[in-house]
Amino acid sequence: MATAPAQQATAVPNDLEAYWIPFTPNRAFKAAPRLIARAKDMHYYTPEGRAVLDGTAGMWCTNAGHNRDPIVAAIRAEAAALDYAPAFQFAHPKAFELASRVAALAPGELDHVFFCNSGSEAVDTALKIALAYHHVRGEAARTRLIGRERGYHGVGFGGISVGGMVNNRKLFGALLAGVDHLPATYSREHQAFSKGEPDWGAHLADELERIVTLHDASTIAAVIVEPMSGSTGVLPAPKGYLSRLRAICDKHGILLIFDEVITGFGRLGHAFAAERYGVNPDMITFAKGITSGSVPMGGVVVRKGIYDAFMRGPMHVAELFHGYTYSAHPLACAAGLATLDLYREEGLFERAHKLEPVWAEAAMSLKGLPNVLDIRCVGLTAGIDLASRPGEVGKRAYEAMDKAFHELDLVVRAAGETLVLTPPLIVSEREIDEMFAKVARVIKAVA
Ligand SMILES: Cc1ncc(COP(=O)(O)O)c(C=O)c1O
């Protein structure tokens, strides 16, 4: 690994007004900006050169660490060789190479890859493939999509329809018709301070039977769940839950989609969480870690039978009317190939698996600190629920995140009233200790 860049000042813009920052309280940010100018390995650097430990792998994406030399070199070389090739009716070699590499990592019969540019696009792509698949097989009445309460599947209309985070849905109209939701799997009463998958909750998968009884299986296309819900505060699937969902989907001819946008590429100690749970879905959505966050890319891995179902009709007609101008962009493919090489050469998925007990121990050491109501962890991921101040839900965690950045040189994420840590998979044991020591300090500071 290269050493950190020399501390140097970067120009700070003097007008922050024009940029509308996503999913961020803009006025508070612009009053006290958290600006990041450079990064290397486990650290960010502010414009004035202050090193900040990255506790969140960017946003669950820089799994190989920041600005890794082989990825940077691959992007540079590709930018010089091929800036762009049409994504429809033409293609470039690295798209095929990367699809084969991703398919080889995916479990079971998942062996075809459709590329897009983000997790949200991956989710909408998977939902559209599910609907179209049933159509081309002659079961066009299967149009219902089933998500889960507290699920996050990005911000497209498909994703927010099957998603279950109320703030992401409530201002955006009626959303997709014909969507239903499984109950969330989290219960503090039954699961507080569980390490890994909680023992309680597998029976909640049986709610799918209730939904099937209500609508009839012949109207249901697919169920989509995250193997571990991340954006809603780290909710690992209960033991046995996912295999139970699989069995019910099989019984009723319903497709099962795992949204692995954050659990893919090592976060839970395997290439995909499906492998950790020994459950093969029909489709997996991915993004983020495929390029270690360096170039936007997403995609869907589909089971062979799904791809094959479309391969019919006249040879000159596209089999699926879907795709993006930047599907399999050359820079993203080059970055993806270099990233997968790095994961393999450095054994980063295995590393995450090995570090999991150390990580869990460190996370649980925060139990007993003021306002800590629950701690959840699985793979290299932890969610720490804080008690809200009366009438100010989310403010304590927001303040903790802000103080951690400005005063303790740590990036931690605030999701509602939950502090979330998801470091790059290259994190050292010393850095794990440093991270949780800083989180402990900040929790005390916002008590
Ligand atoms: C499970 C899941 N699906 C989809 C998305 C959306 O990804 P993107 O922000 O790249 O559109 C996310 C983002 O965090 C996610 O966690």
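Since the model is a prediction, treat every value here as computed from it, not as a measurement.

Participant: Go over the site of the ligand, please, and point to the residues and values.
Facilitator: Close contacts around the ligand come from S118, G119, S120, Y152, H153, G154, E226, S231, D259, V261, I262 and K288, and that covers them all. Within the side chain of D259, a nitrogen or oxygen atom sits 2.7 Å from a nitrogen atom of the ligand. A distance of 3.0 Å separates an oxygen atom of the ligand from a polar atom in the side chain of K288. For the ligand, the accessible surface in isolation is 390 Å², of which the surrounding protein chains cover 85%. The residue inventory of the shell around the ligand, partitioned by class, reads 3 nonpolar, 6 polar and 3 charged.

Participant: Any chance you could break down unusual backbone geometry for me, citing the residues and the numbers?
Facilitator: The phi dihedral of A57 falls on the positive side, at around 45°, and the residue is not glycine. You can see A57 is positioned in helix 2 (residues 57-60). Phi is positive for N67, which is not a glycine, with a value near 50°.

Participant: Let's hear about the sheet that holds strand 17 (residues 418-421): which residues, and what values?
Facilitator: Read from one edge of the open sheet, 4 strands run 13-14-17-16, paired in antiparallel fashion. If you trace the sheet from one side to the other, it starts and ends with strand 13 (372-377) and strand 16 (413-415), each paired once. Across the sheet, the mean angle from the axis of one strand to that of its neighbour is 25°, orientation sign disregarded. As defined by bridge partners, strand 14 (residues 382-386) adjoins strand 17 across 4 bridges and the pair is classed as antiparallel. Bridging across to strand 17, A382 finds its partner in L421. Taken strand by strand, helix 13 (residues 348-364) contacts strand 13, strand 14 and strand 17, and its axis lies near 175° from that of strand 13. Packed onto the sheet, helix 15 (residues 429-445) meets strand 13, strand 14 and strand 17 and runs at close to 165° relative to strand 17.

Participant: Just give me the short version of the packing of helix 3 (residues 69-81) against helix 12 (residues 330-345), but keep the residues and values in it.
Facilitator: Between helix 3 and helix 12, the least distance of the axes is 8 Å, while the angle of their chain directions is 155°. With respect to helix 12, the element helix 3 is oriented roughly antiparallel. Taken as a pair, helix 3 and helix 12 cross one another with a handedness that is right-handed. Contacts between helix 3 and helix 12 involve P70, I71, A74, I75, E78 and A79 from the first element and P330, L331, A334, A335, A338, T339 and L342 from the second. Here the contact of helix 3 with helix 12 is built from residues that sort into 11 nonpolar, 1 polar and 1 charged.

Participant: Please provide a residue-by-residue account of the layout of surface pockets, values included.
Facilitator: Counted as a void, the second largest pocket has a volume near 1,100 Å³. As for the second largest pocket, its lining consists of 30 residues, and the residues nearest its centre are A87, V113, F114, E319 and H322. Secondary-structure elements contributing two or more residues to the lining of the second largest pocket are helix 4 (93-105), strand 4 (110-116), strand 12 (298-303) and helix 11 (304-310). When residues of the lining of the second largest pocket are assigned to their parent elements, the largest contribution, 4 residues, is made by strand 4. Its residues placed into classes, the lining of the second largest pocket shows 22 nonpolar, 7 polar and 1 charged.

Calculation notes
- Residues numbered from 1 in each chain as written.
- Predicted model: local features only at pLDDT ≥ 70, side-chain atom pairs only at ≥ 80, totals over all residues.
- Heavy atoms only, no water.
- Near = heavy atom within 4 Å.
- Polar contact = N/O pair within 3.5 Å; in protein donor to acceptor, adjacent residues only side chain to side chain.
- Areas by Shrake-Rupley, 256 points an atom, 1.4 Å probe, with all protein chains shown as cover.
- Nonpolar A, V, L, I, M, F, W, Y, C, P; charged D, E, K, R; others polar.
- Helix = DSSP H or I, 4+ residues; strand = E, 2+ residues; numbered from the N terminus.
- Pairing = 2+ DSSP bridges.
- Axes fitted to C-alpha atoms, helices over the stretch in contact; angles between N-to-C directions.
- Contact = heavy atoms within 4.5 Å.
- Parallel < 35°, antiparallel > 145°, perpendicular 65-115°, else oblique.
- Left-handed = near helix turned anticlockwise from the far one by under 90°.
- 1 Å grid on protein atoms, 1.4 Å probe; cavity = no way out; pocket = protein on both sides within 12 Å on 5 of 7 lines; lining within 4 Å.
- Points joined across faces, edges and corners; volume = space filled by probe spheres on them.

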